[in-house]
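Working through the structure, step by step
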Amino acid sequence: MEISVIGTGYVGLVTGVSLAQIGHTVTCVDNNEEKITKLKQFKSPIYEPGIEELIEENVEQNRLTFKLGQEVDYSQFDAIYLAVGTPQSEDGTADLTFINQVVIDIKNKCHQDMVIVTKSTVPVGTNASIEQKLNEDSDYKFTVVSNPEFLREGSAIEDVFHPERIILGSDDEAALDMVEEINEPFHAPVVRSNFESAEIIKYASNAFLATKISYINMIADLCEAVGADVQTVSRGMGLDSRIGNKFLKAGIGYGGSCFPKDTSALTKIAEQHDVDSSIIKSAIKVNQDEQVKLVSYLDDIYPALAGKKISLLGLAFKPETDDIRDAASIRIINELLDRKAKIHVYDPEATNNIRNIFGGKLTYSENISDCLQDSEAALVITEWKEIKGIQLQTFKDKMRRALILDGRGALLNATDDPEIEYQTIGRRGIN
Ligand code: UDX
C-alpha cells in the first residue's frame, strides 16, 4: 500500500522504515528541512542501531522517500500515519500542538476519503477529537485508527519487526481491516478496541512497567536497610511466571521519552475524571528519589564535595541510545554542581546532548581512562557494554581513590576486589 508517515522523530522514522521493509511504499514527511536533507543522505537524526542501513536499503529499493510537508499531496496515499511528538506540557498533560497542526494540514491537502492511523501517544479522547475535527465541514470521510507503538529505544528495530501485540482502536470495521492488513507481515496478535481502550492500553502499559521498576527500587531500599541483596531478591521473585523477570532490575530509576511523560499524563487523565491514581503517583515519587540516590551515597562518604573530582560513566537514560530526556544523569549533575564538585563525564553517544545543556560547567572526556584520571569517585549511570567491560585494574590505576558507586549493578565483580570500594543499589554498605 501507499503510506505516508508524518513526523520523522523516533516513532515516525522507525515506523516508516519498518513499513517499507515489509513491502509498502512509504513517504516520510517532516517540516524540518535539516532532518529531511540528512535523511536523504541516509543519515538518521536519532541514534538507533541498524536504522541507517535499513533507510539506505529501502530508499535504494524505491520503497522509501523523504519529503518536506509542503511538497506532499496527501491524496496519493491509502493511509496516513500520525507520528508527531506529544511532549509534556508544564502542567504534566500531553501537549497536542503538533497533532493539531497536522490535522489542519491534512484537511487542507487531502482531497479524498482517508484512513488516518495515530501512532503518537495521545490522551484519552484525542483520537475521537481528531476524527471529529477532520470531518467537520469536509467533503471527504476521514476515519481514524488508534495504533499505539511499544518500541524501546536502542532495540526499536528488533521490537518493530517482532511486536508482541498490535493494538487497533476504532469503531469502523473497514478501517480496522485495512490497518490489520497493512500489519499482517508482522504476524502479531491483534487486539481490536474502541479509541478509549486503545489509548488507555498504551498509558496503562507504560505506567505498569514504570511502577514495576519503582516497586523493585523500593524493595532495593528495604534490602539495603535489612541486609538483603536486591539482585538475588529480584531473581527469586522473577522466577515466578506470574511476576516475570523483566523490568525487575533495581537501579537509579527510569528516564527517557516515555515513562516519565506517560506516568505524569496518566495521573492528569485520572484527575480529570476524579479517579484516584495514588499507585502511579507513588511510582513517580520513588523514581525521583532513586535518580539521585548515588548523590546521597556520596554525601555520606564526602560531607564536603567542593573541588573533588567526580567521574560520571554514562549519561544516556539507558544504553544504546544518545537520548538524555529525563535521564538520571541530568539530575545527578545538577546536584553535584550545587555541591561545587569538579565533574568529568563520559558517554559513548550522549556527550553532545549533555554538552548542549551544561556547556562549560563540565569536563567532557573522550574515553573512560581520561574520565577516571585522578578521580575521587566513579558514578556508574548507564550500563553501556563498554562500561560493564571496564577492567577493574583501570579504576585502581587511574583514580586517586578507587571508589565506585554503581547505579546500575553493572560492575558487581568489583565486590570481590579488596582494593576497590564498591557500593551499588539494593545492597548494604560498601564492599
Ligand atoms: C519504554 C517502553 O519499554 C516501550 O514499550 C514504550 O513504547 C516506550 O517506553 P524506552 O523508554 O525506550 O521504552 O526504554 P525501556 O527499555 O523501557 O527503559 C526505560 C527506563 O527504565 C530506562 O531508564 C531503563 O534504564 C529503566 N529500567 C528498565 C530499569 O531501571 N529497570 C528495568 O528493569 C528496566
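As a reminder, the structure under discussion sits directly above these lines.
Residues numbered from 1 in each chain as written. Predicted model: local features only at pLDDT ≥ 70, side-chain atom pairs only at ≥ 80, totals over all residues. Heavy atoms only, no water.

What follows concerns the packing of aromatic side chains. Tallied over the full model, the rule gives four aromatic pairs. On the numbers, 6.2 Å between centres and 65 degrees between planes, the contact of F247 with F259 is edge-to-face. A residue pair is termed long-range when its members are at least 10 positions apart, and F247 in the loop between α9 (230–238) and α10 (259–272) and F259 in helix α10 qualify at twelve residues. Owing to a relative accessible area of 30%, F247 belongs among the partly exposed residues under this scheme. Taken together, the aromatic side chains of F247, Y254 and F259 make up a single cluster linked through ring pairs. Just above the ring of F150 sits the side chain of R165; from NZ or CZ to the centre is 3.6 Å. The side chain of R355 reaches across the aromatic face of Y364, ending 4.6 Å from its centre. (Phe/Tyr/Trp six-rings, centres within 6.5 Å; stacked < 30°, edge-to-face > 60°. Helix = DSSP H or I, 4+ residues; strand = E, 2+ residues; numbered from the N terminus. Buried < 20%, exposed > 50% of the residue type's maximum accessible area, 1.4 Å probe, protein only. Lys NZ or Arg CZ within 6 Å of the ring centre and 35° of its normal.)

Burial along strand β3 (residues 64–68) is one-sided: the face carrying L64, F66 and L68 is buried and the face carrying T65 and K67 is not. Examined bridge by bridge, strand β2 (residues 25–30) and β3 share five bridges and lie parallel to one another. Across the sheet, the residue bridging to C28 is F66, located in β3. (Pairing = 2+ DSSP bridges.)

Moving on, we come to the pairing of strand β13 (residues 403–406). Residues L403 and L405 of β13 are buried on one face, and the alternating residues I404 and D406, pointing to the opposite face, are buried as well. Here strand β12 (residues 377–380) pairs with β13 via three bridges, running parallel. Each residue of the ladder has a partner; that of L379, found in β13, is L405. Sheet analysis places β13 next to strand β14 (residues 421–424), joined by four bridges and oriented parallel. Bridge pairing in β14 links I404 to Y422.

The next point concerns empty space enclosed by the protein. For the structure shown, the criterion picks out one cavity of 30 Å³ or more. A volume near 50 Å³ is recorded for the largest cavity. Along the walls of the largest cavity sit T118, S120, T121, V122, N127, S146, P148, A198, E199 and K202, which together make up its complete lining. With three residues, helix α8 (residues 195–226) is the single largest residue contributor to the lining of the largest cavity. Here the residues of the lining of the largest cavity sort into three nonpolar, five polar and two charged. (1 Å grid on protein atoms, 1.4 Å probe; cavity = no way out; pocket = protein on both sides within 12 Å on 5 of 7 lines; lining within 4 Å. Points joined across faces, edges and corners; volume = space filled by probe spheres on them. Nonpolar A, V, L, I, M, F, W, Y, C, P; charged D, E, K, R; others polar.)

Where α9 is concerned, the buried positions are V230, S234, M237 and G238. Down the axis, α9 shows its buried residues gathered within 90 degrees of arc, on one side only. Within α9, the exposed residues directed more than 90 degrees away from the buried face are R235 and G236. Taken together, the buried residues of α9 touch α8. Of the residues flanking the start of α9, the one acting as N-cap is D229, its side-chain oxygen 3.0 Å from the backbone nitrogen of Q231. (Arc of directions from axis to C-beta. Contact = heavy atoms within 4.5 Å. Polar contact = N/O pair within 3.5 Å; in protein donor to acceptor, adjacent residues only side chain to side chain.)

As a further point, take the site of the ligand. Within the structure, the ligand sits among 19 residues, and F150, E153, K249, F317 and K318 are positioned closest to it. In this structure, an oxygen atom belonging to the ligand sits 2.9 Å away from a main-chain N or O atom of F150. Between an oxygen atom of the ligand and a main-chain N or O atom of K249, the distance comes to 2.9 Å. A total of 670 Å² of accessible area belongs to the ligand in isolation, and the protein chains cover 91% of it. Among the residues making up the shell around the ligand, the classes are represented as nine nonpolar, three polar and seven charged. (Near = heavy atom within 4 Å. Areas by Shrake-Rupley, 256 points an atom, 1.4 Å probe, with all protein chains shown as cover.)

A word on the nonpolar core. Within the largest apolar cluster, 61 residues are counted, with the highest numbers of intra-cluster contacts made by L312, L313, L336, L379 and F395. When residues of this core are assigned to domains, at least three fall in each of domain 2 (201–289) and domain 3 (291–424). Residue contacts for F395: discarding those within four places in its chain leaves L313, L372, A378, I390, A402, I404, L411 and I420. Counting 38 residues, the second largest nonpolar core, distinct from the first, contains I3, C28, I36 and V117. (Core = buried A, V, L, I, M, F, W, Y, C linked by side-chain atoms within 4.5 Å. Domains from an automatic or database assignment.)

Here we take up unusual backbone geometry. Located in the positive-phi region is F42, a residue other than glycine, with phi close to 65 degrees. The residue F42 is located in the loop between α2 (33–40) and α3 (51–60) in this model. In this model, H187 sits at a positive phi of 50 degrees, which is unusual for a non-glycine residue. Among the structural elements, H187 can be located in the loop between α7 (173–183) and β8 (190–193). Given the relative accessible area of 67%, H187 is considered exposed.

So, to be careful, I would describe these as geometric facts and stop short of saying anything about function.
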